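Commentary on secondary and tertiary structure
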Amino acid sequence: MGLIKIPKPWEIVDRDVTPESVYMNRRSVLKGMGVLGLYAITHTVGCSPNSGAGNRVSEDPLSPAEKAVYPAKRNPRFTLDRRLTAEAIAARFNNFYEFTDIKKDVEVHARALKTRPWTLEVSGHVQNPRTFDIDQLLKTMPLEERLYRLRCVEAWAMAVPWTGFPLKKLLEQVQPLSKATHVRFTSFYKPFTAQGQLAFWNPWPYAEGLTLKEAQNDLTFLATGIYGHPLPRQHGAPIRLAVPWKYGFKSIKSIVKIELLDYRPATFWNTVQGLEYDFLANVNPKIPHPRWSQAKEKMIGSGEIFPTQLFNGYGEWVNSLYA
Ligand SMILES: Nc1nc2c(c(=O)[nH]1)N[C@H]1C(S)=C(S)[C@@H](COP(=O)(O)O)O[C@H]1N2
Ligand SMILES: [Mo]
């Protein structure tokens with residue numbers, strides 16, 4: 001009696017294979033294919049004498065555009081009900097399945113990603129389709145710092161200072177046409193850089209979507225930095241989404257394309273397992289994940305447990321979207 005302990009979701013998040021990734025447990029398959037051996041001889045990331053947690057790779061000098069904007073001024077409208085997560089913790093506990101499903105190892109694998117030059121295409125049903133260079137965006141967009149909570153569907157959470165700009169400011173530049181109803185975001189596809197993408201049975205590249213109304217909400221943020229400096233690769237350099245009222249998988253990293261559509265796009269997790277990861281993915285304590293409760297969340301680092309809030313506590317901004 002009492003010998004079998006069923007772990008709560010927030011007790012198992014530190015394990016290598018997390019609840020979100022059970023559908024992607026590819027390591028054994030890749031091993032069988034000899035892919036990891038090939039990866040090992042073509043990548044030497046494991047032995048490079050690199051940066052400490054939270055720093056960017058030390059060989060990365062700030063670009064002139066980055067030097068001019070960091071650190072950006074904090075927008076006082078966005079306050080937290082809890083302490084910020086320590087930078088070294090947030091930078092070593094990452095979901096970035098293009099590289100690996102082992103959270104603590106993302107930082108090392110992601111060093112292989114080249115983030116300059118980097119362009120972001122904004123196209124589809126817009127008046128002025130454009131391709132922006134990342135440094136051009138830094139120069140022209142109104143950069144600010146915002147303290148946001150992030151709630152992963154796996155029942156852990158963090159609170160971090162992002163630097164970036166509202167997505168709606170970028171959309172204003174391309175002018176969505178009236179027939180546009182949704183926005184699709186697409187990450188890079190570089191299977192020889194990102195070993196996770198060798199798992200050809202998954203719907204790479206990672207893609208996410210929002211309704212146009214959600215995309216134009218004040219909260220919807222394109223982040224280029226974190227903790228007062230440019231994003232390190234494991235957090236989605238050089239540009240990623242932060243949608244704080246939705247589960248973390250909506251906050252897509254390392255975006256190369258944003259398209260305005262007149263239909264609801266297929267998204268990565270919804271395609272992998274639609275019953276567990278719905279398109280909307282609004283944080284809601286009352287709707288359990290099929291395999292665990294969403295009533296509580298555990299802060300990474302401090303281990304504090306908080307009750308999950310509807311819309312992750314951002315109802316003031318987004319209630320009207322779902323009325
Ligand atoms: N391209 C891409 N974006 C992604 C993911 C991913 O695997 N690939 N994981 C998502 C998930 S599940 C979470 S919880 C957050 C984690 O962001 P962080 O590592 O910066 O904390 O990124 C999201 N964005
Ligand atoms: Mo997540």
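Please refer to the structure higher up on the page.
What counts as what
- Residues numbered from 1 in each chain as written.
- Chains lettered and ligands numbered in written order.
- Predicted model: local features only at pLDDT ≥ 70, side-chain atom pairs only at ≥ 80, totals over all residues.
- Heavy atoms only, no water.
- Phe/Tyr/Trp six-rings, centres within 6.5 Å; stacked < 30°, edge-to-face > 60°.
- Helix = DSSP H or I, 4+ residues; strand = E, 2+ residues; numbered from the N terminus.
- Buried < 20%, exposed > 50% of the residue type's maximum accessible area, 1.4 Å probe, protein only.
- Lys NZ or Arg CZ within 6 Å of the ring centre and 35° of its normal.
- Pairing = 2+ DSSP bridges.
- Axes fitted to C-alpha atoms, helices over the stretch in contact; angles between N-to-C directions.
- Core = buried A, V, L, I, M, F, W, Y, C linked by side-chain atoms within 4.5 Å.
- Contact = heavy atoms within 4.5 Å.
- Near = heavy atom within 4 Å.
- Polar contact = N/O pair within 3.5 Å; in protein donor to acceptor, adjacent residues only side chain to side chain.
- Areas by Shrake-Rupley, 256 points an atom, 1.4 Å probe, with all protein chains shown as cover.
- Nonpolar A, V, L, I, M, F, W, Y, C, P; charged D, E, K, R; others polar.
- Salt bridge = Lys/Arg side-chain N within 4 Å of Asp/Glu carboxyl O.

Throughout the structure, instances matching the rule amount to 18 aromatic pairs. With a centroid separation of 5.7 Å and 80° between ring planes, the pair formed by Phe-78 and Tyr-148 is classed as edge-to-face. With Phe-78 in the loop between helix H4 (64-69) and helix H5 (87-90) and Tyr-148 in strand E3 (residues 144-151), this pair connects stretches of sequence that are 70 residues apart. For the pair Phe-78 and Tyr-148, one class covers both residues: buried. With centroids separated by 5.0 Å and ring planes inclined at 85°, the aromatic side chains of Phe-93 and Trp-156 adopt a geometry described as edge-to-face. Here Phe-93, found in the loop between H5 and helix H6 (106-110), pairs with Trp-156, found in strand E4 (residues 156-166); they are 63 residues apart in sequence, far enough to count as distant. No difference in accessibility class separates Phe-93 from Trp-156, as the two residues are buried. Taken together, the ring pairs connect Tyr-97, Trp-204, Tyr-206, Phe-249, Phe-268, Trp-269 and Tyr-277 into an aromatic cluster. Lys-250 extends its terminal NZ or CZ atom over the ring of Phe-279, reaching a point 4.2 Å from the ring centre.

As a general point, the strands of a sheet are linked pairwise by backbone hydrogen bonds and lie either parallel or antiparallel. Read from one edge to the other, the open sheet built from 5 strands follows the order E2-E1-E10-E5-E6, with strand pairing classed as mixed. Because the sheet does not close on itself, it has two edges, and the strands there are strand E2 (130-133) and strand E6 (207-211). Going across the sheet, the axis of each strand differs from the next one's by a mean of 15°, ignoring polarity. Pairing of strand E1 (residues 119-124) with E2, which is carried by 4 bridges, proceeds in the antiparallel orientation. Counted as the bridge partner of Leu-120 is Phe-132 from E2.

Here we take up the environment of Thr-79. Within the secondary structure, Thr-79 is located in the loop between H4 and H5. For Thr-79, a relative accessible area of 58% translates into the label exposed. Distance in space between the C-alpha atoms of Thr-79 and Tyr-148 is 7.6 Å, their sequence separation being 69 residues.

Moving on: the nonpolar core. Counting residues in hydrophobic clusters, the biggest one holds 78 residues, and the most contacted among them are Trp-162, Leu-170 and Ile-258. Beyond its immediate stretch of four places on either side in the chain, Leu-170 contacts Leu-120, Val-122, Phe-132, Leu-137, Met-141, Phe-165, Leu-222 and Ile-258.

Around ligand 1 there are 19 residues in total, and Tyr-97, Glu-98, Met-158, His-235 and Lys-253 lie nearest to it. Between ligand 1 and Glu-98, the relevant distance is 2.8 Å, taken from a nitrogen atom to a side-chain nitrogen or oxygen of the residue. Burial of ligand 1 by the surrounding chains reaches 100%, relative to a free accessible area of 530 Å². Its residues placed into classes, the shell around ligand 1 shows 8 nonpolar, 7 polar and 4 charged.

Another aspect to go through is the side chain of Ser-187. Looking at where Ser-187 falls in the secondary structure, it is placed in strand E5 (residues 182-187). Engagement of the side chain of Ser-187 in a polar contact is seen with the backbone oxygen of Lys-253, the distance being 2.6 Å.

Tallying each qualifying case throughout the model produces 19 salt bridges. The shortest N-O distance in the salt bridge between Glu-107 and Arg-111 comes to 2.8 Å. Take Glu-107: its relative accessible area is 5%, and that puts it in the buried class. The partner of Arg-146 in a salt bridge is Glu-144, and the shortest N-O contact between them spans 2.4 Å. No difference in accessibility class separates Arg-146 from Glu-144, as the two residues are buried. Residues participating in the shared-partner salt-bridge network are Asp-81, Arg-82, Arg-149, Arg-151 and Glu-297.

Now for the pairing of strand E11 (residues 296-299). Of the two faces of E11, the one lined by Glu-297 and Met-299 is fully buried and the one lined by Lys-296 and Lys-298 carries no buried residue. For E4 and E11, the ladder comprises 2 bridges, and the chain directions are parallel. Among the inter-strand pairings, Ala-157 is bridged to a residue of E11, identified as Met-299. Pairing of E11 with strand E12 (residues 305-307), which is carried by 3 bridges, proceeds in the antiparallel orientation. Bridging from a neighbouring strand, Lys-296 pairs with Pro-307 of E12. Connecting E11 to the next strand, E12, in antiparallel fashion are 5 residues, including Gly-301 with a positive phi near 90°.

Worth remembering: the numbers are spatial, not functional.
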